[in-house]
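Examination of the molecular architecture
Chain by chain, the residues:
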Amino acid sequence: MSAHTSRVSDEPEGLQLHLERVLPAPARRVFEACVDPREVAQWWGPRGFTSRGVDLDVRPGGSYRIGMQPPEGAPFHLRGEYSQVDPPRRLVYTFEWEEPDPDDRETVVTLSFLAHPEGTRLVVDQGPFATQARWELHRTGWTETLERLERFLG
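Anyway, here's the lowdown on the structure attached to this text. Everything quoted here is computed from the prediction, not taken from an experiment.

1. Topic: the packing of aromatic side chains
Evaluated as defined, the whole model comprises 9 aromatic pairs. Ring geometry for phenylalanine 76 versus tryptophan 97: centroids 5.3 Å apart, planes at 65°, classification edge-to-face. Placement of phenylalanine 76 in strand E5 (residues 76-86) and of tryptophan 97 in strand E6 (residues 90-97) is noted, with a sequence separation of 21 residues between them. For tryptophan 97, a relative accessible area of 15% translates into the label buried. Between tyrosine 82 and tyrosine 93, the aromatic rings sit 5.7 Å apart at their centres with planes inclined by 65°, giving edge-to-face as the arrangement. With tyrosine 82 in strand E5 and tyrosine 93 in strand E6, this residue pair connects regions lying 11 residues apart in the sequence.

What follows is the structure, encoded as structure tokens:
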């Protein structure tokens, strides 16, 4: 059984995304699924997307790059750098599209892995976003990605 919530916060520094989802696995297992490139490749991305080339150097100062193939159209890439790695509790990293939309800017993603009676409550915080449209794109993308992660772990 999954529970999820989302909210938007229009703070002075920009739009902040907050999502929560209960996943059917202990925190250590969920954390591993988020840092092992072979596992990330199996669940990353919104519905219908595939991951092409998942390179993760999961350590403070380490970088990552993920190629994403949408159901239609050309592939694109995201990249960033890890600033905090605290297994199995927390991951913090920057998020940047390599082929940005004019309204894109670098954001910071924080993943928190919290104990829950049904497994792990994964909390995703990301921002700030420049526009409501980019916030919505990420809200939809993360929601569908977390659904895929839940199925992968189930």
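2. Remarks on the pattern of salt bridges
Think of it this way: side chains of opposite charge can pair up when their charged atoms draw near. For the structure on display, the rule yields 14 salt bridges. Across the pair arginine 59 and aspartate 57 runs a salt bridge whose closest N-O atoms are separated by 3.0 Å. Glutamate 136 is the salt-bridge partner of arginine 139, the closest N and O atoms lying 2.5 Å from each other. With arginine 139 and glutamate 136 both in helix H3 (residues 132-153) and 3 residues apart, the pair spans about one turn of that helix. Note on arginine 139: relative accessible area 24%, which makes it partly exposed. A single network of salt bridges, built from pairs that share partners, joins Arg65, Arg79, Glu96 and Glu98.

3. With respect to the side chain of histidine 77
Residue position: histidine 77 is located in strand E5. Judged by its relative accessible area of 18%, histidine 77 falls in the buried class. Ignoring anything within four residues of it in the chain, the contact list for histidine 77 reads Arg65, Ile66, Gly67, Glu96, Trp97, Glu98 and Glu99.

4. Re the pairing of strand E2 (residues 14-23)
Among the 10 residues of E2, 10 are classified as buried, and the element is accordingly described as predominantly covered. With 8 bridges connecting them, E2 and strand E8 (residues 119-129) associate as antiparallel partners. The partner of valine 22 across the bridge, within E8, is arginine 121.

5. As for the environment of aspartate 86
Its location among the elements puts aspartate 86 in strand E5. Between the C-alpha atoms of aspartate 86 and phenylalanine 113, which are 27 residues apart in sequence, the distance is 9.9 Å.

Rules behind the numbers
Residues numbered from 1 in each chain as written. Predicted model: local features only at pLDDT ≥ 70, side-chain atom pairs only at ≥ 80, totals over all residues. Heavy atoms only, no water. Phe/Tyr/Trp six-rings, centres within 6.5 Å; stacked < 30°, edge-to-face > 60°. Helix = DSSP H or I, 4+ residues; strand = E, 2+ residues; numbered from the N terminus. Buried < 20%, exposed > 50% of the residue type's maximum accessible area, 1.4 Å probe, protein only. Salt bridge = Lys/Arg side-chain N within 4 Å of Asp/Glu carboxyl O. Contact = heavy atoms within 4.5 Å. Pairing = 2+ DSSP bridges.

These figures come from the coordinates and say nothing about function on their own.
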